Structure formats: structure tokens, C-alpha cells
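What the coordinates show
Read off the chains here:
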Amino acid sequence: MTEAAIHVEAQQPSLQLHAHAPGATQAKGQQHPIRLYLVVWGWLFVLSACSYLVDYFGIHGHLRWSLILLFMILKAGLIVAVFMHMAWERLALAYAILLPPALVLVFVGIMVFESEYTHLLRVVFFAPTA
Amino acid sequence: MAEAALTNIGASPARLSGWRGIAADWSSDQRAFKNVSWGKAMMWIFLLSDTFIFSCFLLSYMTARMSTTVPWPNPSEVFALNIGGAHIPLILIAIMTFILISSSGTMAMAVNFGYRRDRVRTAALMLATAAFGATFVGMQAFEWTKLIIEGVRPWGNPWGAPQFGASFFMITGFHGTHVTIGVIFLIAIARKVWRGDFDVERRGFFTSRKGYYEIVEITGLYWHFVDLVWVFIFALFYLW
């Protein structure tokens, strides 16, 4: 009995949706007011406009980079959390999907060291001789 | 029997939350992703792998840009356009960004109407999304043409570090391919929605499985991901 039940679950997860028909767990889980999407849409427009203005007004140096990264992270967060519904998923899925890309930051760190080293070698050994 | 099993996994009322929930979900000796169908879970896992691909492109771009001794071409100038006599920096890319964000908005609403089983609005919004996407690809083709005419090649360009062209064509090309595939995907699913496949649970011609409105959300996940990648490309390649 139990084995058969598990078999059914593994084979036909879509049955689950079917069994509960409209307004089932699945549908209810991702039903949000249209207003929410429109608000997020508006914010994405505002944030994009802000990041464009950073370039338009020619802001430079650390202020430019931190503003660009700030707007980027806010936009990415809104898209993933609201549009992709990650905010309403169970943590088991959210962590499985969001944690691995965070580890890419380690890779970024490694490549920053590597490219600084390459740059140093190029400056030292391939500088145009006067 | 099936009914009992399904209620078991479907709508078990008390599920732990927080860290205890993660441990319970993963150690339950069943499926780790409760109340998420296989289709949605697999799309998320595919998107995770795609994240790594784009991460590698952006990382190699970063490495090239940081390690070159030749100045990097100024994207603000390279992508500037003359519109009505005014010289506006990066304007084409800004318009492309707004178009892609708009397409994400229409997509999110299509998912919403899909779960309300509003067949006509769902299909219309999906087609609007596809139209925005096609516009985006068209503008990208225009941008590529302009740059190629100006002499940008994967191995060199008139303004500075030769790696600029290679990074540009690889990153935007791969993203544009994703958008194109997304447009095709959207049109295919919108056709099914329009025809009422998910209301009558018509079986797919290839898989012969019944379709559900959830596929609209899965298509949406892919589409939002394409927009998400553009957020990073816009910030790190065009604005940096």
C-alpha cells in the first residue's frame, strides 16, 4: 500500500493538481492581487531609470559602482521574490536555488586576485620600452 | 488508494517553517520540494544551471577587463545614439531595458490570469510579452549591426582593449538567444492557452500528458530569468 502510494506520487505529481481541481493548493499558493505586480513593475521602472541616470549624469568612482550594484541587487531581488514568486515558496526550494549562485562570489574573489596578478605581470614584463 | 496518497503529499496541513522546515523537507525520504510540481522544480534547477553559464561569461569579462593594460572602451560613448540632433549616451540600451521590464510585467499578469482560468486574457498577455521580447531582439540586431559597421570585431575594435568585442558578442549574443527561445516558448504556450487546452485538459501531441495552467507560470519563470540576466548585464557590462 505505502509503496504503491509512493509510486503514484513519483509518477504523477500532476495528479495532485488535478485531484484538487481549481482553487487547489497550487493555484491558491500563487494567487496574488494584480496591484502587487503593478507596484513592483513601477518600482522596476524607477530603479532602471535611476541606474540610467547614474550614467547620464556621469557619476564616477566608488559612488557610481556602489549605486549601480545597489540598483542591480534591488531589481534582481524584486524580480526573483515577486515575479518569480520565490517569496512564497518553501525555504527548502528557496535555499536550494539561491544559495549556489551566492557561492559564485567566491569565484569572483578568486578571479579578482588572478586578474590583478596577470595585470601586474603585463605591466612589469610587457611595458612598452621608452 | 491514490486519493489517500495524494492527500498525504498534497495538502498536509502542518508543515514546519524556518530551518526546521528545511531539515524536515530534505530529510523526509520523499520529495524535497513539497507543494512544488516536478515541472516547476525542474525549471528552477535548469535556471540555476543557466545562472552558472551567465556567471562564467560575466566572470571572464571581468577578468579580461581587469587584467588588460589597454584602456577599456567607454560603453557610455560606444552605445550612444544621435536622436534628433541630440547626442544621448546609452539611450538604446536604456530603451531595451524598459522594454524587457515591461515584458516581465505583462508576463507576471499572464500567470495571474492563468490561475484564474481566464483563457483569453492569459493568451493576450503572453502574446504581448512575446511582442516585447521580439522588439528587444530586433533592437539588439540593430545594435549589433551598428557596432559591426563601426568596426567592432571579436578580436578588436577602434577604441581600446580588443577583448571588448569578444565579451560583448558572447554575452549579449547568448542573452539574445535566450530571449529568442523565450519568444518561441511563449508563442507555443499562448497558442495552447488560446485553444483552451488547459480547460479541457487536452493531451500534448508529444508527451500525451494533460496540460495545466501551471505551465504558464513555468514559462513565466524562464521569461523572468531572461529579464533577470539582463539586469546583471545592464549593470555590469553597459554601466560599469
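From a predicted model like this one, the values you see are computed outputs, not experimental measurements.

Structural notes on the overall build of chain B
- Along chain B, the regular secondary structure elements total nine helices and two strands.
- N-terminal to C-terminal, the α/β element order of chain B is α-α-α-α-β-β-α-α-α-α-α.
- Its C-alpha atoms put chain B at 70 × 40 × 30 Å along the principal axes.
- Relative to its 240 residues, chain B shows a buried fraction of 38%.
- In chain B, once contacts between residues fewer than 6 apart in sequence are set aside, the share between residues at least 24 apart is 67%.

Details of the overall build of chain A
- A count of helical and extended segments in chain A gives six helices and zero strands.
- When the helices and strands of chain A are read in sequence order from the N terminus, they spell out α-α-α-α-α-α.
- In chain A, buried positions account for 20% of the 130 residues.

Description of helix α9 (residues 214-239) of chain B
- In this model α9 of chain B runs 36 Å from its N-terminal to its C-terminal C-alpha over 26 residues, within 8% of the 38 Å that 1.5 Å per residue would give.
- For α9 of chain B, a buried count of 24 out of 26 residues is recorded, marking the element as mostly surrounded by other parts of the structure.

What about the confidence of the model for chain B?
- Looking at chain B, pLDDT values average 89 and 95% of them are 70 or higher.
- Segment residues 1-10 of chain B: pLDDT under 50, and 21 contacts once partners within four positions in sequence are set aside and those in other chains are kept.

Thoughts on unusual backbone geometry
- For H85 of chain A, which is not glycine, the phi dihedral falls at a positive 65 degrees.
- Turning to its location among the elements, H85 of chain A is positioned in the loop between α5 (62-83) and α6 (91-125).
- Its 19 C-beta neighbours within 10 Å are what place H85 of chain A among the partly exposed residues.
- With phi around 50 degrees, S208 of chain B is a residue other than glycine that occupies positive phi space.
- Position of S208 of chain B relative to the elements: it lies in the loop between α8 (197-200) and α9.

Some words on the nonpolar core
Residue and element names in this part refer to chain B.
- Membership of the largest hydrophobic core comes to 76 residues, with the highest contact counts inside it found for A110, M126, V229 and F234.
- It is α9 that provides the largest number of residues to this core, a total of 18 residues.
- Those residues in contact with M126 that sit more than four places away from it in its chain are A110, L186, I189, A190 and V193.

Criteria and thresholds
Residues numbered from 1 in each chain as written. Chains lettered and ligands numbered in written order. Predicted model: local features only at pLDDT ≥ 70, side-chain atom pairs only at ≥ 80, totals over all residues. Helix = DSSP H or I, 4+ residues; strand = E, 2+ residues; numbered from the N terminus. Buried ≥ 20, exposed ≤ 12 C-beta atoms within 10 Å, placed from the backbone. Contact = placed C-beta atoms within 7 Å. Expected span 1.5 Å × (residues − 1). pLDDT = per-residue confidence, 0-100. Core = buried A, V, L, I, M, F, W, Y, C linked by C-beta atoms within 7 Å.

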